[in-house]
Amino acid sequence: MSEPHALARCSWCSSDPLYQAYHDTEWGVPQHDARMLWEMLMLEGFQAGLSWITILKKREAFRKAFANFEPNKVARFTERDIERLMGDAGIVRSRAKIEATIAGAKIYGGMQARGEDFATFCWSFTDGQVIEGDGRNFPVSTPLSERISKELKARGFKFVGPVIVYAWMQAIGMVNDHAAHCFRRGQVQGPAFRA
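Report on the accompanying structure. The model shown is predicted, which means the values in this text are computed figures rather than measured ones. (Residues numbered from 1 in each chain as written. Predicted model: local features only at pLDDT ≥ 70, side-chain atom pairs only at ≥ 80, totals over all residues. Heavy atoms only, no water.)

## Concerning empty space enclosed by the protein
Per the counting criterion, the structure on display carries one cavity of 30 Å³ or more. Taken as a whole, the largest cavity holds about 60 Å³ of empty space. Contributing to the lining of the largest cavity are Leu41, Met42, Gly45, Phe46, Lys97, Ala100, Thr101, Lys158, Phe159 and Val160. Sorting the residues of the lining of the largest cavity by element identifies helix 2 (34–47) and helix 6 (95–113) as the ones contributing at least two each. The element that contributes the greatest number of residues to the lining of the largest cavity is helix 2, accounting for four residues. Here the residues of the lining of the largest cavity are counted per class, giving six nonpolar, two polar and two charged. (1 Å grid on protein atoms, 1.4 Å probe; cavity = no way out; pocket = protein on both sides within 12 Å on 5 of 7 lines; lining within 4 Å. Points joined across faces, edges and corners; volume = space filled by probe spheres on them. Helix = DSSP H or I, 4+ residues; strand = E, 2+ residues; numbered from the N terminus. Nonpolar A, V, L, I, M, F, W, Y, C, P; charged D, E, K, R; others polar.)

## With respect to the layout of surface pockets
Of the volumes computed, that of the largest pocket is approximately 420 Å³. A per-element tally of the lining of the largest pocket places helix 9 (residues 162–171) first, with five residues. Classifying every residue of the lining of the largest pocket gives 14 nonpolar, four polar and two charged.

## A closer look at unusual backbone geometry
Residues other than glycine seldom take positive phi values, yet Ser14 does so here, at roughly 45°. As for its position among the elements, Ser14 is in the segment before helix 1 (17–25). Although it is not a glycine, Phe159 sits at a positive phi angle of roughly 55°. With a relative accessible area of 31%, Phe159 lands in the partly exposed category. (Buried < 20%, exposed > 50% of the residue type's maximum accessible area, 1.4 Å probe, protein only.)

Next up, the structure:
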């Protein structure tokens, strides 16, 4: 097998080893764990106005700062926690995004309390199926990301515009947008990766 750096990959992951590892093992793999889907949505929100590599480099600091993105713990964060997070140089220190994450945890918990699984909710938009991109055209948003965005906003989520939602859909494997030449494209296709 070729060395990792010699593999044909999506062009966005460049030559950064961290980016390549994320691309090779996580990006585009269908994710069905409700907590992880929520974590990724929150991290995509933090990305707004920034690059994903910035968030990826800070991901472990984010996990430490946000109680490993356990929604029931984050939902109990107080003003003191917000001040602590605003002083944490390891994360993106945006009060609006921090408050949106805490609010997002409360929304997640409310859904759970009503018997609504977040993973089931997320995948309901595609009937549990992965949408296969053509590997050549890569939109920044789609009518489906607009629909999901509207539904998330209606529930009270913030930083979930159609572009952020589409990036999240790609990241969590709801859409297979690996490039046609990318070695991972075929690996995340097929029944083994469907809900």
